[in-house]
Amino acid sequence: MRDLIYLFHPWRSLAAQMIQAGEFPLWNAYAMGGMPFLANCQSAILYPFSLLFWMLEFATALKLFHFFHYGFAALGFYIFARKIKKNPGISLIGSILFAFNGYMLSRLEFVSVLGAIIWFPWIAVFTAPPIGSKKKIQTAALGITLTIAFLAGYPQIFILGATAAFLISLNGNAYLDLIIHWLKGTIIFLFCAAAQLVPTLELIRNSVRGGKGVAFTEAVTYALPIDSLFGLIYPFRILHNPDRFTGEKYFWIWSGWWGMAATLFIFL
């Protein structure tokens, strides 16, 4: 599979070799004649689950990485659903749909995306304004969970997940308490994530995407076209829709379907 073999395998293996040799992986000497390694956030060097790749050979570490992440995705959504007063059956269905929908399963290849998205329900769990003696603990948990989600290595998904969790928390909560809770959690996040955030922002500022940027028409080239929206519900539509540019029959971007069962449960 493309990025798994061309990017994530060499990144994780190089980081493991450098760590085991007593060298912190700040610089990748093998790409583009040399480029920042830690600052490339998708290398996820500071992500806690990267430890698996440092201690085990890649295939074994990848299996455990997937096992834990899909497990945490399901568990986190179940806890979140129960927290918002859903019954155990609905919570279980929701957790299965969240962890094993088409989009999530197609993230097997993109370990940075998978690492970032599974923390969304956990962020949502800690978003409500804290009450009583656990106030400081819940605020700290929000900041730490935001940090872990960011360190997974995919800022776009991190921003989407954190924003969605914040919007969900607006439902039925006192806005002032909620904003104070989020401000404190964000301060904790900025402090804990600074070792990754600062060099990543510096790399973005000096990259072609952070400078003049990529033209809008080029940036949206791979956006989901209108004629493929039906594929979100009916997955077999995707099988007959090869990528417009590469010609791949099973190109990953067409795999973001909810599925017929999920759509039925959404309507119910």
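About the criteria used
Residues numbered from 1 in each chain as written. Predicted model: local features only at pLDDT ≥ 70, side-chain atom pairs only at ≥ 80, totals over all residues. Heavy atoms only, no water. Helix = DSSP H or I, 4+ residues; strand = E, 2+ residues; numbered from the N terminus. Buried < 20%, exposed > 50% of the residue type's maximum accessible area, 1.4 Å probe, protein only. Contact = heavy atoms within 4.5 Å. Areas by Shrake-Rupley, 256 points an atom, 1.4 Å probe, with all protein chains shown as cover. Patch = residues over 30% accessible without salt bridge, like charges linked within 9 Å, V, L, I, M, F, W, Y side chains within 5 Å. Salt bridge = Lys/Arg side-chain N within 4 Å of Asp/Glu carboxyl O. Core = buried A, V, L, I, M, F, W, Y, C linked by side-chain atoms within 4.5 Å. Expected span 1.5 Å × (residues − 1). Arc of directions from axis to C-beta. Phe/Tyr/Trp six-rings, centres within 6.5 Å; stacked < 30°, edge-to-face > 60°. Polar contact = N/O pair within 3.5 Å; in protein donor to acceptor, adjacent residues only side chain to side chain.

## Side note on the overall build of the chain
Broken down by element type, the chain carries 14 helices and two strands. For the chain, with 268 residues in total, the buried portion stands at 42%. Residue pairs at least 24 apart in sequence account for 62% of intrachain contacts in the chain once pairs closer than 6 positions are excluded. Roughly 15,300 Å² of accessible area belongs to the chain as shown, and the carbon and sulfur atoms make up 72% of that amount.

## A word on a nonpolar patch on the surface
On the surface, Ile90, Ile93, Leu264, Phe265 and Leu268 cluster together into a nonpolar patch covering about 510 Å² of accessible area. Of all the secondary-structure elements, those providing two or more residues to the nonpolar patch are helix 4 (88-100) and helix 14 (260-267). Inspection of the secondary structure puts Ile90 in helix 4.

## Description of the pattern of salt bridges
If you walk through the whole model with that rule in mind, you get one salt bridge. For the salt bridge of Glu202 with Arg205, the shortest nitrogen-to-oxygen distance reads 3.1 Å. Taken as a pair, Glu202 and Arg205 lie in helix 11 (residues 194-205) at a separation of three residues, close to a single helical turn. Among the residues examined, Glu202 registers a relative accessible area of 41% and is labelled partly exposed. A relative accessible area of 53% means that Arg205 is categorised as exposed.

## Comments concerning the nonpolar core
Residues Tyr47, Phe65, Met104, Trp119 and Leu146 are the most contacted members of the largest nonpolar core, which totals 57 residues. No other element matches the nine residues that helix 3 (residues 58-83) contributes to this core. Setting aside chain neighbours within four positions, we find Phe65 in contact with Tyr47, Phe49, Leu52, Phe53, Val111 and Leu114.

## Things to note about helix 9 (residues 155-169)
Taking 1.5 Å of rise per residue, the 15 residues of helix 9 would be expected to cover 21 Å, and the 21 Å separating its terminal C-alpha atoms lies within 8% of that figure. The complete set of buried residues in helix 9 reads Ile157, Phe158, Gly161, Ala162, Ala165 and Ser169. Buried residues of helix 9 fall within an arc of 125° about the axis and therefore sit on the same side. With respect to the buried face of helix 9, the exposed residues turned more than 90 degrees away are Ile159, Leu160 and Leu167. Tucked inside the fold, the buried residues of helix 9 contact helix 5 (102-106), helix 6 (111-117), helix 7 (120-125), helix 8 (135-151) and helix 10 (175-192).

## Observations concerning the environment of Ala73
Tracing the chain through its elements places Ala73 in helix 3. Separated by 46 residues in the primary sequence, Ala73 and Trp119 have C-alpha atoms spaced 6.9 Å apart. Setting aside its immediate chain neighbours within four residues, Ala73 contacts Phe98, Ala99, Met104, Ile118 and Pro121.

## Observations regarding the packing of aromatic side chains
Inspection of every chain in the model, using the stated rule, returns 18 aromatic pairs. Here Phe67 and Phe68 contribute two aromatic rings whose centre-to-centre distance is 5.5 Å and whose plane-to-plane angle is 75°, an arrangement assigned as edge-to-face. By relative accessible area, Phe67 is classed as exposed at 59%. Relative accessible area serves as the criterion here: at 34%, Phe68 is assigned to the partly exposed category.

## What to know about helix 3
Note on helix geometry: an α-helix contains 3.6 residues per turn, so any two residues three or four positions apart are oriented the same way. For helix 3, spanning 26 residues, the distance from its first C-alpha to its last is 37 Å, which sits close to the expected 38 Å at 1.5 Å a residue. In this structure Glu57 caps helix 3, since a side-chain oxygen of it lies 3.2 Å from the backbone nitrogen of Ala59. Of the residues trailing helix 3, Lys85 is marked for its positive phi of about 75°.

## Here's the deal with the environment of Gly76
Tracing the chain through its elements places Gly76 in helix 3. For Gly76 and Ala99, which are 23 residues apart along the polypeptide, the C-alpha to C-alpha distance reads 9.5 Å.

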